[in-house]
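# Structural description and commentary
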Amino acid sequence: MDDSLFNESFLTESPPQSLLDNLNASQTAAVTHGKGPLLILAGPGSGKTRVITRRVAWLLQQGIHPSRILAITFTNKAAQEMRHRVEALTPHSQVHISTFHSFGVRLLREFSQRANLERNFGVYDMDDREKLLKLAMEDAGIATSSSNVGSFGNAISKCKNQLVTPEIFCEGVRDYFGQMVAKIYPKYQVRLKNANACDFDDLLYIPALLLQKDKTLREELDNRWHYTLVDEYQDTNKAQYAIARDLNINHPNLCVVGDPDQSIYRFRGSDIRNIMDFERDYPNTKVIKLGENYRSTGNILAVADTLIRKNSERKPKPLITNNHHGKPVTLTIYETGDSEALGVAGKIVETVVGKKWNYRDIAVFVRTNALTRPLEGAFTGSKIPFKIVKGLAYFERKENKDVLAYLRLMVNPRDDIGFLRIVNEPTRKIGKTTLDQLGLFAKEQGLCLMEAARRANLIAGLRPAVVKALMDFARMMDGLNSLVDGSPVDAVRTLLEKSGYKRSLETSGNAEDKQRLENIEEMITAADIFIKNQPTGSVHGFLENVALSSNLDGYDNDSNCVSIMTLHAAKGLEFPVVFMIAMEEGILPSSFALPSGPVETSNSKEIEEERRLAFVGMTRAMNELYLGYCDERSFRGITRATMPSRFIRDLDDANEAMEVIDLTRNNMGFGHAPEPWDLPDLISNKTTPIPIKPKPVPVSLTAADPTRSPNKSPPKVREGSIINHSSYGLGKVIEISGTGVLMKVRIQFKTAGIRAFLLEKVTLEVLAPGTRF
DNA sequence: TGGATAGATTTTTTT
DNA sequence: AATCTATCCA
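Notes on the structure in this doc start here. Throughout, residues of each chain are indexed from 1 in the direction in which the sequence is written. As a convention, the first chain written is A and the first ligand written is 1, with the rest following in written order. Under the rules for a predicted model, residues below a pLDDT of 70 receive no local features and side-chain atom pairs below 80 are neither given nor counted, while totals for whole chains, interfaces and linings still include all residues. The side-chain values count all of the structure's non-hydrogen atoms but skip hydrogen atoms and water molecules.

### What to know about the pairing of strand β2 (residues 69-73)
How we decide: Only protein chains enter the accessibility calculation, which uses a 1.4 Å probe. A residue is then buried if its area is under 20% of the maximum for its type, exposed if over 50%, and partly exposed in between. Secondary structure counts use DSSP, requiring at least four H or I residues in a row for a helix and at least two E residues in a row for a strand, with both numbered from the N terminus. At least two bridges found by DSSP between two strands is the condition for calling them paired.
Burial analysis of β2 places five of its five residues in the buried class, the great majority of the element. Judged by which residues are buried, β2 turns out to be covered on both faces: I69, A71 and T73 on one side and L70 and I72 on the other are all buried. Taken together, the four bridges between β2 and strand β6 (residues 227-230) define a ladder with parallel strand orientation. Residue pairing in the sheet places I72 in a bridge with V230 of β6.

### Quick word on the packing of aromatic side chains
The test is simple: Any two rings among Phe, Tyr and Trp, with Trp reduced to its six-membered ring, count as a pair given centres within 6.5 Å; such a pair is stacked if its planes are under 30 degrees apart, edge-to-face if over 60, and tilted if neither.
Enumeration according to the criterion identifies 13 aromatic pairs in this entry. Ring centres 5.5 Å apart and planes at 85 degrees place the aromatic pair Y233 and F278 in the edge-to-face group. Of the two residues, Y233 sits in the loop between β6 and α12 (238-246) while F278 sits in helix α14 (residues 278-281), which places them 45 residues apart along the sequence. The same class applies to Y233 and to F278, which are both buried. Judged by centre distance (6.3 Å) and plane angle (85 degrees), the rings of Y406 and Y501 are edge-to-face. Of this pair, Y406 sits in helix α18 (residues 398-411) while Y501 sits in helix α24 (residues 501-507); the two residues are 95 residues apart in sequence, bridging distant segments of the chain.

### Section: helix α10 (residues 202-213)
Stated precisely, the cut-off is as follows: Helix span, expected: 1.5 Å multiplied by one less than the number of residues in the helix.
Counted at 1.5 Å a residue, the expected span for α10 with its 12 residues is 16 Å, and the 16 Å between its end C-alpha atoms agrees. With nine of 12 residues buried, α10 is to be regarded as a mostly interior element. Every buried residue of α10 is accounted for by D202, L203, L204, Y205, I206, P207, A208, L210 and L211.

### Observations concerning the pattern of salt bridges
The condition is simple: Each reported salt bridge corresponds to a side-chain nitrogen of Lys or Arg within 4 Å of a carboxyl oxygen of Asp or Glu.
On inspection of all chains with the given rule, the structure shows 54 salt bridges. When the shortest N-O distance is used, the salt bridge between E110 and R224 registers 2.7 Å. Here the residue E110 occupies a position in helix α5 (residues 100-110), and R224 occupies one in helix α11 (residues 215-224), the gap between them amounting to 114 residues. The exposure class assigned to R224 is partly exposed, which follows from its relative accessible area of 24%. A salt bridge links R421 to D402, with the shortest nitrogen-to-oxygen separation between them at 2.8 Å. Placement of R421 in helix α19 (residues 416-422) and of D402 in helix α18 is noted, with a sequence separation of 19 residues between them. Each member of the pair, R421 as well as D402, carries the same accessibility label: buried. The network of salt bridges with shared partners includes D125, D127, K131, K401, D402 and R421.

Interpretation note: all reported values are geometric properties and have no functional meaning in isolation.
So, in structure tokens, the structure goes:
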């Protein structure tokens, strides 16, 4: 239908023939693939988003009705971007584009009855989940003090990701930990049910099970969307796989896009086999490889390729580019974590002052959030504007969570976790003892806490003042109830007044509380923006929006800031200049991935995933890539010697694409961190000893060789000098830069590629000018 | 009941 | 190092 309408839009916005403009042959084939399963293996920087959005536009152009197309991404950011780009190609097309989780929520709302939920169910974040889990553990008679609440949460999460129900899990229990989980998991589900709430995992788990169980529903939904696209397919878990599978049986026009080398979410259940086995699962799959990289320089790709080749569980895939080689990838070795942060800051200042790049062109990637701290300090000191892009929940400040809990309780009075959060916020003299009694009463009577509070007068042994406090609270919340259908902005304003929350902050005299008020104002603004985007939006919609959004989604490149983020958050982004810091054993790869027992293969699944993570980081870089590690790092208050990441050693073969800058004072024996190549080969599964490599660390003049002190002033090194280096042999000085102790010398070695050293610290034998090089 | 303080404990990554 | 928890006192 309405083909003419679309064609008109094409003419005004972008003519239809432009749909295939600027596409290479494989990209065109992917865009114009007709019916049947399609697997697009898209390497980094291969124009994946372009292909997927053009494909949506192409389908529309073919006369497919927009409501027949379903596009699913992993992050809201990706969904927004896709929506935006599809909109530009075909305005007002109204294609259903959403994340897996918001798609799940939608299904659950629409079919809440079949899913045995009330329509107004709430979505619990990690924080809520943990609190509910503690209650469930109490139910199961397991002490919550045992500090492993988190591990039980992870175990349950894992179950749901794999579509393992409590019943199935109980059958297969073996060890002690499993027995504990078997006790807690069912109780936890009951708690969720009673609270009329879902956790994140439920948003996939429940729909997936529902589709399996309810064949009519499955058929109905399969018929609803004739064309499905799934982005980042390598990161799907079993639940997501099942959903995609069940929606594409009658109409197997499923197009999945992904790159097995960029699968980095194993820890949350994603299974690389989903993409590896796609061809097997969907007969007659057309496979298209998008190999050419349009993003990075040749050197960056050479380094990334050298790294990823070390993975054994992969389909070999060359990284090709027509881009120029660009600058060598730089590896910098620092002494401490702080000097590393300062070094990065220094390099950034140098780059920006030299007008080469702007702050916004630069990103620093870290493996863990804790590593951002020294960077913050160094950047603040150097007056570098920066932004830490976090993947955590957006409204994480206490006051915002409190306000949201009020809203949640208004929408869903059975939300016990929300109740517990705010019943005494501001203080209403309702303390722990009271709440314990209230909880007991609620349990006996089978009521939610809100309802129990309403009947507080029936609870034996409660002091009259406390009874009044509880009943007043219930009455106050009842009074707010009429707000749920209105604008979230009004709702927040009113609840702040009526609950006394605002007054308590205003009158506290605490300086922090003033800030809190401002933060709440910020949230009201967010609600306002939400309403402007979705004029029909309710409190309900706002809550959902908040629950499924993350800080990462708010990421924009508008402000001229350096971006600091985790490697996971970096996926899907690109920057002209990228720094990857702390490439050390135990950090990248994370200690969690390291073999904990005696000697294990170095190619364990975990290590391979960490390697992919490093690969993802490197391939975000367009023009310049800086890797770094340091000799010692302080963590949790103690300083320890570090070992360079095995991924650094993986790059030995990429010498010609790299340069190494060593900024350590090399006091050889004492206090110097051992490096993998100094040690027996524990980390590789080779049984033969590896040849000892020369340390890529120049021998210090002073410490290493007392016979030659700087005072003896060896012949001057200058650009063009031919030199001999104790480890790397013959080389030619190609550049001398910097001043004073920071004077650097860059050398093109005959065999070891380009390396740079601090002039102060390197020992170089300057050869006669005429020496043959 | 709630605040202060000392003591314990810790975290990989995220929808 | 920083945050969370348990305990004690007002």
